Structures are given as structure tokens and as C-alpha cells.
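# Observations on chain architecture
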Amino acid sequence: MKIDFFDVEAWMTEHEVDYRYNLAETCVASMSINDLLEFVDDRDKLLNDLLTTKLDYGPITGSERLRRGIAKLYQTGDLNNIAISHGCINANELVLISLLEKNDHLITITPTYQQMYSFPESFGVETSLIQLKEEDNWLPKLEDFEKEIKENTKMICLVNPNNPTSTKFSKEFLLKLVKLAKKYNLYILCDEVYQGLGKDEIAISDLYDRGISTSSLSKVTSFAGLRLGWIKANYEIIKMINDRRDYHIISTGYLNDYLAAVVIENYDRIIERSKKIIAANRQILIEWLKKEPLVDCVVPEAGTIAFLKYNLPIKSKELCLKLQKDTGVFFVPGACFNQEYHLRFGFANKSEDIQAGLELFSKWLHSKIK
């Protein structure tokens with residue numbers, strides 16, 4: 001099986017090792033187990049459970065406790081509408097390989113997360129990419145999707161809020177998209193891993209019976225290290241996925257399942273912490289943009305990332321390499337999303353690091369035009 005090079009993940013793997021200021025991080029400042037214990041009423045019980053439990057595979061398809069907790073994050077469904085995965089990337093993979101076959105056709109957008117098109121293309125799925133435009137706030141129009149529909153179209157894929165732009169598809173737009181999908185009997189897969197920080201958010205699986213929501217604990221709850229994700233969909237889809245998951249993942253393991261359940265049970269309090277961090281850092285971005293004439297951005301309503309457009313005649317990968325070497329400031333180049341002269345900026349880390357990193361970036365930019 002041939003598959004395209006996964007640009008953004010490869011860049012992170014290679015360059016997220018030697019930096020002073022990580023302005024590429026997409027996860028809200030990570031927490032330790034000690035930090036998690038601050039949200040728990042009975043610490044002793046939690047620690048005893050962890051220390052006395054045998055480290056076998058754990059619940060193969062996820063514990064009832066965990067799946068029930070995740071289901072409560074949605075407006076519809078119960079634990080039987082949840083499948084557990086190894087992070088959101090595995091959730092997307094399981095959906096795509098379970099519902100699509102060679103010669104099927106899917107529609108997605110660009111720039112977006114490369115998995116949504118390169119992975120299905122690797123097993124013979126035809127893809128159509130709708131080009132988003134910055135002057136339209138990185139949002140498509142409904143007719144962009146309708147004109148791409150073919151006889152073999154089976155699925156529409158979105159990331160909502162989108163990666164790398166963080167722009168959000170409103171409930172109004174999604175309802176129109178659902179109406180279109182019903183007309184042609186299409187699935188809609190929405191990677192919703194960046195949801196949880198904004199207002200009026202809605203899961204596609206709560207709007208549409210053939211809507212599939214994927215997410216994880218990585219981005220907005222600060223526990224990427226648990227590698228715990230999930231799929232929420234109608235029962236038939238979940239059964240199909242669980243029938244196939246043994247080829248890709250046996251289980252997430254007892255410790256991940258147990259700790260994930262604790263995170264989910266304290267979701268609202270953890271999200272409040274995340275919202276405070278993101279709100280502070282978003283304001284830092286807004287104030288920095290006001291005084292930085294060489295950079296522009298469609299500032300997102302929520303999410304943990306933004307897509308910066310810079311005014312300098314240097315390609316984005318070259319800029320990122322030189323910037324990191326000279327200053328230790330780490331970004332992801334827009335070229336990883338087929339969008340030159342842009343940078344993906346993760347504003348989810350400590351505010352002091354965001355502030356210092358942006359100031360260094362400004363000094364470096366202006367030194368290049370003297």
C-alpha cells in the first residue's frame with residue numbers, strides 16, 4: 001500500500017525536540033497525574049485502584065464507565081453509541097476503513113488535517129478537495145460540496161473546528177450540509193477533537209443519523225499522553241467498527257481506560273481551566289497582531305490553533321527552520337497543509353511562553369527586512 005508522506009506529523013516528530021518556545025503545540029498545557037488528582041474527591045481510592053489492578057488488556061472495547069461518561073458529553077445516544085480508540089487519529093482511521101472501499105468517493109476541504117484525504121486515497125478511495133480561502137474566513141459554501149458530488153460519493157469529511165485554521169462550522173451551516181447529505185445518502189465524518197472551548201458547539205452525530213463524531217482527550221483536556229479517543233455514531237456504525245477494530249487495536253489498556261474515565265467525570269472543571277488558558281493566550285495573539293504589521297490572521301472564536309499569514313518572501317519550511325535555529329521559536333510551516341506563507345500557531349501553552357515566543361518572532365521578522 002502506497003501512502004503520501006504525512007507532512008505535519010513528520011514535521012512535529014523531527015522538529016519538536018530542540019526549541020525554547022513551542023508555538024506549535026495544539027494541546028492545552030498538559031497535566032500530570034498529580035494535577036488530575038486535584039480534581040478528584042477520593043484520591044486514596046484512585047491511587048489504590050491503580051496500584052492494585054493487574055495490567056492486563058483491560059476492557060477490550062472500553063469500560064462501561066468510560067463509554068457512559070463520554071456519551072454524556074453529547075445530546076443524543078448512550079454508551080452503545082461509543083467506540084473507544086487509540087486517540088482521535090485512530091478513531092478517524094477506524095471510521096474511514098470501516099465505511100469506505102476502493103472506488104468510493106469522499107469530499108473534504110483544504111487546508112485541513114491530511115489524514116482525511118491521504119489515508120483513504122491509500123486504499124483506492126477517490127477524493128475531492130474544496131479549497132478554502134482566507135478572504136472567506138477559511139469557510140466553504142454549501143454549493144462547493146454539492147458540485148463535487150458524484151454517483152460514487154459516499155462521505156463528506158470535516159474537522160470542526162478546522163485544523164490548521166481553527167475556523168468553526170456553525171450549526172446553521174451543518175444543518176444545511178446534513179440536508180444535502182440526506183439527499184444523496186452520504187455519511188458525514190466530523191473530527192471534533194478541538195471542540196469544548198467555544199460557544200454553541202454541536203456534534204454532527206447529534207444532528208444526523210449518518211453523522212459520525214470523533215474526538216479524544218488530547219487537545220482540550222490536556223491529557224494527550226493517555227492516547228484515548230472515541231467514535232460516537234449510530235449503533236450499526238459502532239458495531240461495524242467494533243467488528244473491525246481487532247485488526248488495528250486490541251484495547252487501550254486498563255490504566256488509560258481508568259484514568260480517561262476520571263478525566264471525563266471531571267470534564268467540566270478541566271474544561272474551565274482550559275478555557276482560561278486559551279482566553280488569555282487568544283488575547284495575547286490579538287494584542288500582538290495589532291502591533292505586528294508583517295503578520296495577519298483570521299482570529300478564531302475558539303480552539304487552540306490559528307493560521308498566521310506572514311509578509312516575507314521566504315517559503316514557510318525555510319522560515320521555520322531558520323527561525324527555530326536562530327531563536328528557538330517553533331512553528332509548523334503552512335507548506336505542511338499545502339498553504340505557503342502561513343504558519344500554524346498553537347497558542348495552548350503557558351502564557352509567558354506565548355508572549356515571549358511571539359516577541360522573538362517579531363524581532364526576527366523585522367531583522368530580515370532591514
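The coordinates are above.
Summarised in this report is the structure supplied together with it. Predicted model, so just to flag it, every value in this text is computed and none were measured. (Residues numbered from 1 in each chain as written. Predicted model: local features only at pLDDT ≥ 70, side-chain atom pairs only at ≥ 80, totals over all residues. Heavy atoms only, no water.)

### Quick notes on the sheet that holds strand S7 (residues 211–216)
To keep things clear, this is the line we draw: Strand pairing follows a simple DSSP-based rule, namely that at least 2 bridges must link the two strands. Only DSSP runs of H or I with at least four residues qualify as helices, and only runs of E with at least two residues qualify as strands; both kinds are numbered from the N terminus onward. Structural elements are reduced to axes, namely lines fitted to C-alpha atoms, with helices fitted over the stretch in contact, and the angle between N-to-C directions of any two is expressed from 0 to 180 degrees.
Ordered by their spatial adjacency, seven strands build an open sheet running S2-S8-S7-S6-S5-S3-S4, and the pairing between neighbours is mixed. Across the chains shown, the open sheet's two edge strands, defined by having one partner strand only, are strand S2 (82–85) and strand S4 (126–131). The sheet shows a mean angle of 20 degrees between the axes of neighbouring strands, direction not considered. Sheet topology places S7 next to strand S8 (residues 229–232); four bridges connect them, and they run antiparallel. Pairing of Ser-216 across the sheet is with Gly-229, part of S8.

### Some thoughts on the state of the cysteines
Worth spelling out the cut-off: Criterion for a disulfide: a pair of cysteine sulfur atoms within 2.5 Å.
The full count for this structure, using the stated rule, is zero disulfides. Cys-190 supplies the cysteine sulfur nearest to Cys-157, a cysteine that is in no disulfide, at a spacing of 8.9 Å. In this structure Cys-297 is not part of a disulfide, and its nearest cysteine sulfur, from Cys-320, lies 15 Å away.

### A short note on the packing of aromatic side chains
In plain terms, the rule: Two rings from Phe, Tyr or Trp (for Trp, the six-membered ring) form a pair when their centres sit within 6.5 Å of each other. Planes less than 30 degrees apart are called stacked, planes more than 60 degrees apart edge-to-face, and all others tilted. Exposed residues in this analysis have more than 50% of their type's maximum accessible area, buried residues have under 20%, and partly exposed residues fall in between, with area computed by a 1.4 Å probe over protein chains only.
Across all of its chains, the model carries 13 aromatic pairs by this definition. For the pair Phe-307 and Phe-337, a centre-to-centre distance of 6.1 Å together with 85 degrees between the ring planes defines the contact as edge-to-face. Highlighted residues: Phe-307 in strand S10 (residues 305–310) and Phe-337 in the loop between strand S12 (332–333) and strand S13 (342–346), separated in sequence by 30 residues. Given a relative accessible area of 1%, Phe-307 falls into the buried group. Residue Phe-337 is classed as buried on the basis of its relative accessible area of 1%. Here the aromatic residues Trp-288, Phe-331, Phe-345, Phe-347 and Phe-361 are joined through ring pairs into a cluster of three or more.

### Some points on the layout of surface pockets
To keep it simple, the criterion reads: A 1.4 Å probe that fits but cannot get out identifies a cavity on a 1 Å grid over protein atoms alone, an open set with protein on both sides within 12 Å along at least five of seven lines counts as a pocket, and a residue lines either if it has an atom within 4 Å of a point. Grid points are joined across faces, edges and corners, and a volume is the space filled by probe spheres set on the points. Three classes are used, and their members are as follows: Ala, Val, Leu, Ile, Met, Phe, Trp, Tyr, Cys and Pro are nonpolar, Asp, Glu, Lys and Arg are charged, and the others, Gly among them, are polar.
In this structure, the largest pocket spans a volume of roughly 480 Å³. If you go around the largest pocket, you meet 23 residues; those closest to its centre are Glu-9, Thr-26, Cys-27, Tyr-113 and Lys-219. Elements supplying a minimum of two residues to the lining of the largest pocket: helix H1 (7–15) and helix H5 (87–99). No other element matches the four residues that H5 contributes to the lining of the largest pocket. As a volume, the second largest pocket reaches approximately 370 Å³. Taken together, 17 residues line the second largest pocket, and the ones lying closest to its centre are Leu-73, Tyr-74, Gln-195, Glu-201 and Tyr-267. Here the lining of the second largest pocket is composed, by residue class, of eight nonpolar, six polar and three charged.

### Section: a nonpolar patch on the surface
Quick note on the threshold: Exposure above 30% relative accessible area and the lack of any salt bridge qualify a residue for a patch; like charges then connect within 9 Å, and the nonpolar side chains Val, Leu, Ile, Met, Phe, Trp and Tyr within 5 Å. Values of accessible area rely on a 1.4 Å probe in the Shrake-Rupley scheme; residue burial ignores everything except the protein chains shown. Salt bridge criterion: a side-chain nitrogen from Lys or Arg within 4 Å of a carboxyl oxygen from Asp or Glu.
Taken together, the side chains of Tyr-57, Ile-60 and Ile-250 present a nonpolar region at the surface, about 300 Å² in accessible area. Secondary-structure assignment places Ile-60 in the loop between helix H3 (43–52) and helix H4 (64–71). In this structure Ile-60 comes out as partly exposed when scored by relative accessible area, which is 36%.

### Some thoughts on the sheet that holds strand S9 (residues 295–297)
Within a beta sheet, neighbouring strands are joined by backbone hydrogen bonds and run either parallel or antiparallel to one another. Rules: The contact criterion used throughout is that any non-hydrogen atoms of two residues lie within 4.5 Å.
Ordered by their spatial adjacency, four strands build an open sheet running S9-S10-S13-S12, and the pairing between neighbours is antiparallel. This sheet does not close on itself; its edge strands, each paired only once, are S9 and S12. With two bridges joining them, S12 and S13 adopt antiparallel strand pairing. The residue of S13 that forms the bridge with Pro-333 is Leu-343. Contacts from helix H12 (residues 267–291) reach S9, S10 and S13 within the one sheet, and its direction differs from that of S9 by about 135 degrees.

### Observations regarding unusual backbone geometry
A cis amide bond links Thr-110 with the next residue in sequence, Pro-111, at an omega value of 5 degrees. By the element assignment, Pro-111 lies in the loop between strand S3 (105–110) and helix H6 (115–122). For Asn-185, which is not glycine, the phi torsion reads 60 degrees and is therefore positive. On the secondary structure map, Asn-185 appears in the loop between helix H8 (171–184) and strand S6 (187–191).

### A look at the packing of H3 against helix H11 (residues 254–265)
To keep things clear, this is the line we draw: Note on terminology: angles under 35 degrees are roughly parallel, angles over 145 are roughly antiparallel, angles of 65 to 115 are roughly perpendicular, and the others are oblique. Each crossing gets its handedness from the near helix: less than a right angle anticlockwise from the far helix is left-handed, clockwise is right-handed.
Running from N to C, H3 and H11 point in directions that differ by 165 degrees, and their axes come no closer than 11 Å. Viewed along their axes, H3 and H11 adopt a mutual orientation that is roughly antiparallel. Seen from above, H3 lies across H11 with right-handed handedness. Residues Lys-45, Leu-46, Asp-49 and Leu-50 of H3 form the contact with H11, whose participating residues are Tyr-254, Leu-255, Tyr-258, Leu-259 and Val-262.

In short, shape yes, function no, at least from these values alone.
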